[in-house]
Amino acid sequence: MRIRILGWQYENIRRMKELSVDLTKEKGEVYRSSLIMMPNGTGKTTTLYLIRAILSGSAKDWREADVRSYCPPFSDVSEGKFILKIEFDEDVYYYVLHLDYETGKAWYETSSAMMEGGYEEKRRIPIPLRGIFDNKEFINRFVFDGEQARKTLNSGSREAENAILYLYQLDKLDRLSDVMDHLIHTYQEQSTGRATARSVKVFQGKAEKREQIYNALLQDGEELEYRLVQIKDKKRRYENKYHEILAQDSHLKTEQEELMKENAVNQDDITRTINGLMNCIKKPYNLQLDYHTRLKTLAENMQVLKLPKNTAQEFFKELAESNECLCGHCIGERERKIILDKAKEYLGEDSLVVVNSIKRALNEYEREDTCDKLEKHLKELLEEETQIEHGLNRLALQMAEEGNQEVLQLRDEVKRLGQQIIDGERKLERLSTNDYITNTGLNPENNIPKAKTAWDEAKVNYQKVSGAYDFTRKAERMKEYIRRVKNNALKRLKTYMVQETNKKIEQLVENDIVSIKKIDGHLVLEGKDGVSEGQTLAVAYAFIGTLFEHSQYEFPFIVDSPAAPADLSVRRAVAQILPQLFEQTVILVTSGEKKGFAEEFYSLEDVQYLTLKGEKDQPVESIPGRPYFEQYQEKE
Amino acid sequence: MGLNWELQDAVREETDSMQETEGFKLRFTKLIENYMDGMGSEAEIADIIDLIELTGDEYED
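Remember, it's a predicted structure, so these values are computed and weren't measured experimentally. (Residues numbered from 1 in each chain as written. Chains lettered and ligands numbered in written order. Predicted model: local features only at pLDDT ≥ 70, side-chain atom pairs only at ≥ 80, totals over all residues.)

K.L.:
Could you give me a rundown of the environment of Glu506 of chain A, with the residues and numbers involved?
P.N.:
Residues and elements named next belong to chain A. Examined against the element boundaries, Glu506 turns out to sit in helix 17 (residues 448–508). Taking the number of C-beta atoms within 10 Å as the measure of exposure, Glu506 has 13 and is therefore partly exposed. For the pair formed by Glu506 and Val539, sequence separation is 33 residues and the distance between their alpha carbons is 9.6 Å. (Helix = DSSP H or I, 4+ residues; strand = E, 2+ residues; numbered from the N terminus. Buried ≥ 20, exposed ≤ 12 C-beta atoms within 10 Å, placed from the backbone.)

K.L.:
Can you tell me about helix 11 (residues 289–304) of chain A, naming the residues and giving the values?
P.N.:
Taking 1.5 Å of rise per residue, 16 residues should cover 22 Å, and helix 11 of chain A covers 23 Å from first to last C-alpha, within 8% of that figure. Burial of helix 11 of chain A is sparse: only zero of the 16 residues sit out of reach of the surface. (Expected span 1.5 Å × (residues − 1).)

K.L.:
Describe the interface of chain A and chain B, with residues and values.
P.N.:
On the chain B side, the residues contacting the 28 residues of chain A number 25 residues. Among the elements that take part in the side of chain A that touches chain B, helix 17 of chain A stands out by supplying 15 residues, more than any other. Taken together, the residues of the side of chain A that touches chain B break down into 17 nonpolar, three polar and eight charged. (Contact = placed C-beta atoms within 7 Å. Nonpolar A, V, L, I, M, F, W, Y, C, P; charged D, E, K, R; others polar.)

K.L.:
Can you tell me about the sheet that holds strand 6 (residues 105–112) of chain A, naming the residues and giving the values?
P.N.:
The strands making up a sheet associate through backbone hydrogen bonding, with each pair oriented either parallel or antiparallel. Residue and element names in this part refer to chain A. With antiparallel pairing, five strands are arranged side by side in an open sheet as 2-1-4-5-6. The outermost strands of the open sheet, each flanked by one partner alone, are strand 2 (16–22) and strand 6. Here the strands of the sheet are splayed against their neighbours by 15 degrees on average, with no regard to which way each runs. Of the pairings in the sheet, the one linking strand 4 (residues 79–88) to strand 5 (residues 91–100) comprises 10 bridges and is antiparallel in character. Across the sheet, residue Ile86 finds its bridge partner in strand 5, namely Tyr93. This element, helix 1 (residues 44–56), spans strand 1 (3–13), strand 4 and strand 5 of the sheet and lies at about 115 degrees to strand 5. (Pairing = 2+ DSSP bridges. Axes fitted to C-alpha atoms, helices over the stretch in contact; angles between N-to-C directions.)

K.L.:
Can you break down the nonpolar core residue by residue, with the values?
P.N.:
Residues and elements named next belong to chain A. Of all hydrophobic cores here, the largest spans 127 residues; its most connected members are Ile36, Ala538, Val539 and Val574. Not counting residues up to four positions away in its chain, the partners in contact with Val539 are Leu153, Ile505, Val514, Ile516, Leu523 and Val531. Of all hydrophobic cores here, the second largest spans nine residues; its members include Tyr238, Leu395, Val407 and Leu417. (Core = buried A, V, L, I, M, F, W, Y, C linked by C-beta atoms within 7 Å.)

K.L.:
I'd like to hear about the confidence of the model for chain B, residue by residue, with values.
P.N.:
Residue and element names in this part refer to chain B. Per-residue confidence for chain B gives a mean pLDDT of 84; residues scoring 70 or more make up 85%. Helix 3 (residues 42–50) is the least confidently modelled element of chain B, averaging 89 in pLDDT, while helix 1 (residues 5–17) averages 93, the highest of any element. Per the prediction output, this complex has pTM 0.57; the corresponding ipTM is 0.94. (pLDDT = per-residue confidence, 0-100.)

Next comes the structure, spelled out in structure tokens:
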């Protein structure tokens, strides 16, 4: 892409009331070299700063004092403007930097043939250049001054290397790595935390342990069920045998059958009564008279205190809207604020609904004596059960007395097996139940459904963390590939820059041997700790020239006092090399730089000369042409 | 716009030395080209990352 600066315009900026600088020829093409004479104090540095501010977009961060520093002295104008006209390939863009001296704000407008509807209230840079231009440091490399030249050789600076990184956009590869970091972060946030090899192992171990516990409990359940079937079968066989023995005596057989019938009825009744009692327990006022008495006292107190009769908070809010209180006092702003603050301490409408429900429930419930009756009935049934058991025992003893001792053993065995079945079924119930209200103390270590849930959760956690871990490892590997590509490309570019820059230095520095050894952040010179100011400029321009020459972007070069500190021989060399380095060079000079530098351009073609001059405290004016430029001499 | 030749060579050297599938190498090269041209979505990058094959000793560190 070819970038050309076509000109700029000042409006109410320091000493520039209204002034245009046009860098184009008749056909709209730019001069290869434009020398603009700007005596000290006419705004050379200001011009450089404003061009940089438009290209980098940095003015949006300016403080109010920064903006107002551009206001013309002793003037009451409210706004200043700096307009920059740039051509990107065939497209011409107008950038306006507005400086509002009243508010201290700076803002941009852009217009181009590509955009419809005139000016757009923002700084719009062509897409391919956005990553490059948004870097303020990069802009300084082609909107250049002596300080920037020194930076390239300063051992504490990374200026030279950064210039390569930004111009060849290798820094974009860092941003690609940042995208990968963001992806890793997103994956890990969706999982259970930061994925490391250790955390994957931990989660894997947890999942395996949960699976083992679940399988062990399942096996326990199956074994228990199998054992219960066997015990029940054994008990049934013993019972049958027991009954067979008793049936050998017809009298005992009849008595036994009657007792067994009574036992069945008794057991049914016990079950029903226990269920009734369980329901009673859910209403504790039925169990404890004292509890019932205290609840009724609470209900009476709520009644006496008239709590809550109305919506207190709403009352105060309504009161705050009135102009006069119930007591006749006026309600002003202060009183209104106090009432509203205090209203927060009272119950609101939603809280009152709850309190009223409690009050109603306390008033309406009645204590029942069902519990006492059921408890008494259960005791009777249990006594009856004991009697039946005694009756059956008596039959067994009678049989034993008649010589059949086996019946006693069978009776004891049936009893023992019966207890085993009760214990086993209780155990099985706790092992497999989902009812965690009736069965307390159950956890994933002793209950199959809970163990299954814990295993499922552990599996999900493991899958999440291992998925994120795998992704992290892959992304880290990809980042390493990209890092190596970036370093390799940078190394190649640095090698090329050193070779080509040294060729240019040879042309610039005639009386000394100066060459670049390597680029290590800054330019490292071969066998020298330092060079003269003029040689510094020569090396810096040779490097900048090579840097831009190799790029796929064709930048203009705008430079402030390019040869001021140099001796005459370096000035001449710089003057000869600058027009060769760039297709467009805009040079801001003082009259002191004519000798040895500006005068070298007089013999060249395609050079524009402009002189911006103005007496102290007077607006600056622009005078085109070489004759005036040549004869103009700044006052000392 | 395409890559400058130093970057092209660096990408080629890297893909030649990496132990990845040809599919990954192609997508990786294309990703660098696209990204330098201001294109390339997170979804595309995630897809390419997934093409990397991990070795068996990933959990041994």
